[in-house]
Amino acid sequence: MDQENLREWESKCIQEEPPECTAACPIHVDARLFVKEMGQGDVEAAFKVLAKTMPFPGILGRICDHPCELRCKRGEVEAPIAIGLLERHCVEHAAGKNRIQLLSRRSQRVAVIGGGFAGLCAAWDLLKKGFLVTVFERSDRLGGMLWELPESLLPREVIDEELAVLTTLKAEVRLGISLDGEAFEDICREFDALFIDREGVAGCALPLGRDDRGEITTDPATGATDREGVYAGGVTRMSGAWSPVNEVLQGRKGALSIERFVQRAQMVAGRENEGPFATRLFTSIAGIEQDPRVIPADAGAGFTDDEARAEAGRCIQCECMECVKVCLYLERYDGYPKKYARQVFNNERVIFGAAHTKNQFVNSCSTCGLCETVCPNDFYMGDLCLQARRTLVEQKLMPASFHEFALQDMAHSGGERFALCRHEPGKNESAWLYFPSCQLCATSPAEVLSSYRYLRDKLSGGVGIMLGCCGAPAYWAGRDDLFRETLETLRQEWGGMGRPRVVTACATCRSLFLEHLPEMESVPIWQVLEEAGLPRTTCAASGTTVAVADPCITRHDPETRESVRRIAGALGIAIDEFLLSGGKPECCGYGGLMFNANPKLAKEVIDHRTRAEMPPPAKPFVQPGGWYRTARQEGTDTAYYRTGVSDHDYLAYCAMCRDRLAAAGKRASHLVELLFPAVEGGDPAGRGWISWSERRANRAKVKEAILRELGEKGEVTMAEHEGITLFMTDEVRRRIDERRILEEDIRQVIHQAEQSGKRLKNLQAGSYLACHQPENVTFWVDYTPVENGFTVHNAYCHRMKIVGVK
Amino acid sequence: MGQQEEAKSWSCAACGGELGVVKVGFTYMKGNFEVDLPACKGCGLVLVSEELATGKMADAERILEDK
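Residues numbered from 1 in each chain as written. Chains lettered and ligands numbered in written order. Predicted model: local features only at pLDDT ≥ 70, side-chain atom pairs only at ≥ 80, totals over all residues.

Novice: What is the right way to read the overall build of chain A from this model?
Specialist: Helix and strand counts for chain A come out as 34 helices and 20 strands. Against the compact-globule benchmark of 28 Å for 806 residues, chain A has a radius of gyration of 36 Å, which places it well outside the compact range. Once the C-alpha set of chain A is aligned to its principal axes, its extents read approximately 115 × 70 × 55 Å. Every one of the 806 residues in chain A was classed for burial, and the buried ones make up 50%. Put simply, of all contacts in chain A between residues at least 6 apart along the chain, 72% involve residues at least 24 apart. (Helix = DSSP H or I, 4+ residues; strand = E, 2+ residues; numbered from the N terminus. Rg over C-alpha atoms; globule rule 2.2 N^0.38 Å. Buried ≥ 20, exposed ≤ 12 C-beta atoms within 10 Å, placed from the backbone. Contact = placed C-beta atoms within 7 Å.)

Novice: Sorry, what's going on with the overall build of chain B here?
Specialist: A count of helical and extended segments in chain B gives 3 helices and 3 strands. Reading chain B from its N end, one meets helices and strands in the order α-β-β-β-α-α. C-alpha atoms of chain B, sized along the principal axes, occupy 40 × 20 × 15 Å. Taking all 67 residues of chain B together, 25% fall into the buried category. Here the analysis covers contacts within chain B between residues at least 6 apart in sequence; of these, 40% occur between residues at least 24 apart.

Novice: How do you make sense of the packing of helix α3 (residues 31-39) of chain A against helix α4 (residues 43-53) of chain A when you look at a structure like this?
Specialist: Each pair of packed helices gets described by two things: the angle between the helix axes and the distance between those axes. All names here are of chain A. Viewed as axis vectors pointing N to C, α3 and α4 meet at an angle of 165°, and their least axial separation amounts to 8 Å. As judged from the angle between their axes, α3 and α4 are roughly antiparallel. For the crossing formed where α3 meets α4, the hand is left-handed. Between α3 and α4, the contacting residues are L33, F34, E37 and M38 on the first element and A45, A46, V49 and L50 on the second. When its residues are assigned to classes, the contact of α3 with α4 shows 7 nonpolar, no polar and 1 charged. (Axes fitted to C-alpha atoms, helices over the stretch in contact; angles between N-to-C directions. Parallel < 35°, antiparallel > 145°, perpendicular 65-115°, else oblique. Left-handed = near helix turned anticlockwise from the far one by under 90°. Nonpolar A, V, L, I, M, F, W, Y, C, P; charged D, E, K, R; others polar.)

Novice: When you look at the domain arrangement of chain A in this model, what are you seeing that I'm missing?
Specialist: Accessible area lost on assembly of the parts is the figure often given for the size of an interface. With domains assigned, chain A is organised as domain 1 (109-263), domain 2 (322-398) and domain 3 (720-798). Computed from C-alpha coordinates alone, the two centres of domain 2 of chain A and domain 3 of chain A are separated by 38 Å. (Domains from an automatic or database assignment.)

Novice: I tried to follow the interface of chain A and chain B on my own but got confused; where do I start?
Specialist: With 30 residues of chain A in contact, the opposing surface of chain B contributes 30 residues. Contributions of two or more residues to the side of chain A that touches chain B are made by α16 (359-364), β16 (760-762), β17 (768-772), β19 (789-798) and β20 (801-805) of chain A. Per-element accounting of the side of chain A that touches chain B gives the leading share, 5 residues, to β20(A). Of the residues that constitute the side of chain A that touches chain B, the class distribution is 13 nonpolar, 11 polar and 6 charged. Looking at chain direction, β20(A) and strand β2 (residues 19-28) of chain B are connected through 4 bridges and run antiparallel. Among the inter-strand pairings, A:K801 is bridged to a residue of β2(B), identified as B:T27. (Pairing = 2+ DSSP bridges.)

Novice: Sorry if this is basic, but what is going on with the sheet that holds strand β3 (residues 31-40) of chain B here?
Specialist: Two pairing modes exist for strands in a sheet, parallel and antiparallel, and in both the strands are linked by backbone hydrogen bonds. In spatial order, the strands read β20(A)-β2(B)-β3(B); together these 3 strands make up an open sheet with antiparallel pairing. In the strand order of this sheet, the two ends are held by β20 of chain A together with β3 of chain B, each with one partner. The sheet shows a mean angle of 35° between the axes of neighbouring strands, direction not considered. Pairing between β2(B) and β3(B): 10 bridges, direction antiparallel. In the sheet register, B:G25 faces β3(B), and the bridge partner there is B:E34.

Novice: Where do I start with the nonpolar core in this structure?
Specialist: Across soluble globular proteins, nonpolar side chains show a tendency to be buried alongside one another. Formed by 210 residues in total, the largest nonpolar core has its most connected members in A:L50, A:L86, A:V110, A:A123 and A:L194. Counting residues per element, this core draws most heavily on helix α8 (residues 117-128) of chain A, at 9 residues. Mapping this core onto the domain boundaries places at least three of its residues in each of domain 1 (109-263) and domain 2 (322-398) of chain A. Apart from residues lying up to four places away in sequence, A:V110 is in contact with A:L126, A:F131, A:V133, A:F191, A:D192, A:A193, A:F195 and A:I258. Membership of the second largest hydrophobic core comes to 39 residues, among which are A:I736, A:Y768, B:L45 and B:V46. (Core = buried A, V, L, I, M, F, W, Y, C linked by C-beta atoms within 7 Å.)

Novice: I'm lost on the confidence of the model for chain B in this one. Help?
Specialist: Reading predicted coordinates in detail is not appropriate for stretches of low pLDDT. All names here are of chain B. The predicted model of chain B has a mean per-residue pLDDT of 91, with 97% of residues at 70 or higher. Across chain B, the secondary-structure element scoring lowest on mean pLDDT is helix α1 (residues 3-8), at 89, and the one scoring highest is helix α2 (residues 50-54), at 96. Reported confidences for the modelled complex are a pTM of 0.88 and an ipTM of 0.98. (pLDDT = per-residue confidence, 0-100.)

Novice: What is the right way to look at the environment of A:L126 in this model?
Specialist: All names here are of chain A. Tracing the backbone through its elements, the reader meets L126 in helix α8. L126 sits 130 residues away from L256 along the chain, and the two C-alpha atoms are 8.0 Å apart. Beyond its immediate chain neighbours, meaning those up to four positions away, L126 contacts V110, F131, V133, A255 and I258.

Novice: Before we go on, may I ask you to explain the pairing of strand β3 (residues 172-175) of chain A in this structure?
Specialist: In the case of a regular strand, side chains alternate between the two sheet surfaces. With 4 bridges joining them, strand β2 (residues 132-137) of chain A and β3(A) adopt parallel strand pairing. Looking at the pairing, A:T134 lines up with A:E172 of β3(A).

Novice: How should I be thinking about unusual backbone geometry in this particular structure?
Specialist: Among all residues except glycine, the phi angle is most often negative; among peptide bonds, the trans geometry is most common. All names here are of chain A. One non-glycine residue, T367, adopts positive backbone phi at about 60°. On the basis of neighbour count, T367 is assigned to the buried category, with 22 C-beta atoms found within 10 Å. Phi is positive for D378, close to 60°, though the residue is something other than glycine. Within the fold, D378 resides in the loop between α17 (370-374) and α18 (381-394). The exposure class of D378 is exposed, given the 12 C-beta atoms found within 10 Å.

Novice: What am I meant to see in helix α11 (residues 244-263) of chain A here?
Specialist: Three- or four-residue spacings in an α-helix give side chains the same orientation, since the helix completes a turn every 3.6 residues. Relative to the 28 Å expected for 20 residues at 1.5 Å per residue, α11(A) spans 29 Å between its end C-alpha atoms, a close match to the ideal helical length. With 17 of 20 residues buried, α11(A) is to be regarded as a mostly interior element. (Expected span 1.5 Å × (residues − 1).)

Novice: Sorry, what's going on with the sheet that holds strand β7 (residues 432-435) of chain A here?
Specialist: Residues and elements named next belong to chain A. The 5 strands lie next to each other as β6-β8-β7-β9-β10, forming an open sheet whose pairing is mixed. Edge positions in the open sheet fall to β6 (420-422) and β10 (522-524), since each of these has one partner strand only. With strand direction ignored, the average angle separating the axes of adjacent strands in the sheet is 25°. Two elements, strand β9 (residues 501-504) and β10, share 3 bridges in a ladder whose sense is parallel. Paired with V502 across the strands is S522, a residue of β10.

Novice: Explanation requested: the packing of α8(A) against α11(A) in the structure shown.
Specialist: All names here are of chain A. Packing of α8 against α11 brings their axes to within 7 Å, and their N-to-C directions diverge by 45°. In terms of orientation, α8 lies oblique with respect to α11. Read as a crossing pair, α8 and α11 show a hand that is right-handed. Across the interface between the two elements, F117, A118, G119, C121, A122, D125 and L126 from α8 touch P244, E247, V248, Q250, G251, R252, G254, A255 and I258 from α11. The residue inventory of the contact of α8 with α11, partitioned by class, reads 9 nonpolar, 4 polar and 3 charged.

Novice: Quick question: what am I supposed to make of the confidence of the model for chain A here?
Specialist: Residue and element names in this part refer to chain A. Per-residue confidence for chain A averages 92 on the pLDDT scale, and 95% of its residues sit at or above 70. Of the regions scoring below 50 in pLDDT, residues 614-627 engages in 42 contacts with residues more than four places distant in sequence or in other chains. In this model, residues 632-642 is a region of pLDDT below 50 whose contacts with residues beyond four sequence positions or in other chains number 25 contacts.

Novice: Would you explain the environment of A:A795 in this entry?
Specialist: Residues and elements named next belong to chain A. Tracing the chain through its elements places A795 in strand β19. Taking the C-alpha atoms as reference, A795 lies 7.1 Å from F779; in sequence the two are 16 residues apart. Apart from the residues lying within four places of it in its own chain, the contact partners of A795 are I736, I741, I746, F779, W780 and V781.

Novice: How should I be thinking about the environment of A:V245 in this particular structure?
Specialist: All names here are of chain A. Along the chain, the position of V245 falls in helix α11. When the C-alpha atoms of V245 and M54 are compared, they prove to be 9.2 Å apart, with 191 residues separating the residues in sequence. In this structure V245 touches C25, P26, I27, L60, C64, D65 and P67, once residues within four positions along its chain are discounted.

Novice: Quick question: what am I supposed to make of α8(A) here?
Specialist: All names here are of chain A. An ideal rise of 1.5 Å per residue puts 16 Å on 12 residues; α8 measures up with 16 Å between its terminal C-alpha atoms. On the buried face of α8, the contacting elements are β1 (109-113), β2, α9 (156-168), β4 (193-197), β5 (230-233) and α11. One or two positions beyond α8, positive phi appears at G130, with a value near 95°.

Laid out in structure tokens, this is it:
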């Protein structure tokens with residue numbers, strides 16, 4: 001990822017964009033943070049937020065005409081947050097004083113003509129920027145129209161107190177000045193730049209361009225008049241459009257232009273978002289309940305402390321987080337895509353080779369694409385993560401542990417125990433080529449064989465079969481070399497078969513073929529079965545209701561999702577749809593090799609999909625902090641949407657979904673098991689989990705059965721240890737499987753130990769403990785030799801290599 | 001169970017020796033470590049317990065992988 005890529009990624013994620021209130025505010029007060037502090041009862045912190053952006057917060061806080069409220073998202077539910085009243089309460093109660101951070105002093109002198117609110121705000125900003133400021137005012141006091149506001153709203157002493165800041169900042173104030181053309185020319189000669197408050201010079205004959213109504217004309221972007229170095233802002237009383245916060249904006253705009261003018265800097269660059277602008281932030285208000293606005297008991301006095309706190313508590317703390325709400329992976333790393341993109345970039349580039357703190361992060365994404373579906377800007381974490389994985393592989397920094405087990409499983413599928421490509425028995429051409437997938441063969445060997453026989457019955461022109469892996473694990477592991485090589489092998493085999501139409505039974509295979517082998521025409525088995533007619537079968541699930549667990553890879557494949565539902569319907573099965581159905585299926589934790597790189601997270605993901613979770617509260621808490629985030633803190637395990645849980649059996653049509661759901665304790669079957677039951681009248685959903693060792697054995701069974709039918713003998717070399725018989729309890733079998741230890745690994749350890757004698761004896765139990773390190777992993781097995789084999793008590797492994805005793 | 005105690009629960013079936021606690025070297029992801037572990041006093045056959053492999057060792061592996 002380079003800087004440009006990073007910027008592209010970052011710009012897609014809008015979580016950090018300002019909320020509507022801030023974007024609507026002419027001077028961009030962080031109203032969201034202000035209201036949050038108010039909701040927590042921290043008036044001083046809230047005041048600091050105001051004072052950071054507002055000039056004369058004691059005045060503006062009382063009189064602001066709060067255009068922010070018009071765009072408040074809470075207002076779309078019922079009534080906007082009373083930000084104006086909250087500001088008033090804050091400045092009335094905060095003890096905090098204006099502490100102004102001055103920039104270094106400058107030598108340039110700026111005249112502010114007219115001491116109305118716009119002029120005073122320009123003076124405030126110019127003083128902060130370090131200019132020597134002189135304010136010229138015709139009357140005998142500063143403040144202009146501020147003095148005309150009701151005293152109950154803006155007490156006179158507040159005006160005096162706030163304006164005293166100008167004296168503190170050493171502004172020179174000249175009152176009772178008569179402003180005619182001559183005086184104006186004198187000021188122009190004496191000062192480096194001028195800011196004119198329109199109301200402050202109303203009726204004065206100044207030599208500046210004016211419109212038909214007699215108002216001084218300015219460039220809307222900069223406030224520049226037709227005279228160089230002279231800027232103007234504010235509105236006259238006559239215009240009838242006086243808005244306190246707009247006066248501030250106009251003063252601020254003039255002050256910035258003057259700074260740029262005296263610095264001879266680019267006048268308009270980077271000012272696009274000056275004043276109110278449209279924000280890109282998306283905030284969903286779905287699920288937010290109505291909560292009426294707090295009305296002050298004494299309208300004239302404003303809010304009490306309790307009222308202010310309650311009103312602020314209505315704020316939903318606008319943020320996007322759409323993807324994070326539906327993805328446990330994104331949630332667990334405590335950020336959002338923009339932050340993640342920066343971290344991934346830093347991982348790759350900034351701290352190159354030094355501290356790769358995001359390795360597990362980029363390898364934990366399932367690449368399921370749900371984030372992209374729910375993101376207002378289509379941010380796809382999977383793409384970001386896959387790119388990062390490829391980079392890690394290129395840099396030779398990819399830890400082997402993240403994908404090794406899956407890649408070994410893939411190697412098994414591409415090896416002599418499984419890989420096969422043949423025409424239909426008795427034929428020497430293939431119009432069709434069945435590609436049942438390595439994982440479906442691993443899960444349901446008998447059903448695959450039976451479906452193959454059915455396809456041969458129904459389709460003409462010969463139905464060949466290809467056993468192998470589509471390369472998905474290599475693709476997910478960032479192993480482009482291996483992925484290309486796998487595809488090339490498949491492409492050549494397919495070419496050798498006469499380029500038949502490929503019938504796929506796994507949606508992942510088909511998706512990769514479509515994208516990476518476009519010349520290879522493929523069709524899902526479900527579509528073929530619908531067209532050719534479904535097998536006559538007594539479906540175990542007929543008359544029941546199931547929840548269809550769509551694999552995440554069918555996100556952009558509505559035809560397949562619908563086809564599966566039609567078939568289920570034809571089998572007499574009713575369907576209960578998940579909340580996140582249609583184009584929003586979740587991953588089972590296998591996708592992207594999450595199960596391999598982050599087994600803990602993968603387990604949480606599948607648990608979430610199989611156990612009822614507490615839904616997030618639809619109403620924000622009184623303590624704001626982002627309604628979604630607060631909900632998350634309140635949740636016991638996870639508060640992300642109750643998406644994938646149904647009390648009914650699940651019907652999967654991806655082998656990995658089926659197996660992972662079943663391993664998590666959910667009754668789940670694969671559609672192929674319902675269409676081609678291995679046992680008539682059996683209960684496929686009750687089959688339960690399947691171990692990795694069993695999966696490999698099942699694949700081998702499919703190949704052997706096909707070879708038998710073809711009258712061929714497989715040429716499989718059996719290693720000596722393969723003859724070892726193991727005995728173990730279900731508990732041990734499950735534990736070693738979760739540790740991704742194969743029975744094959746255990747046989748090797750025992751074989752090695754028995755041959756070499758290198759083993760430790762447990763003096764109490766009498767069992768042996770031995771280890772063996774065939775490649776990167778060291779396997780330990782606790783066993784006892786028995787008649788005809790070995791009882792395995794336990795097995796575990798580690799990746800650290802034992803160098804030896806010192 | 002302490003290392004000493006653990007060592008006493010085992011004997012080396014390869015050479016018949018007793019186990020004692022010694023420094024054992026490990027390497028992973030370009031890092032080298034030394035840990036006090038039970039090993040055969042005679043032939044140096046090392047004992048890595050399940051607790052160590054699935055606990056501290058697994059934690060250290062994860063930290064190194066994310067470095």
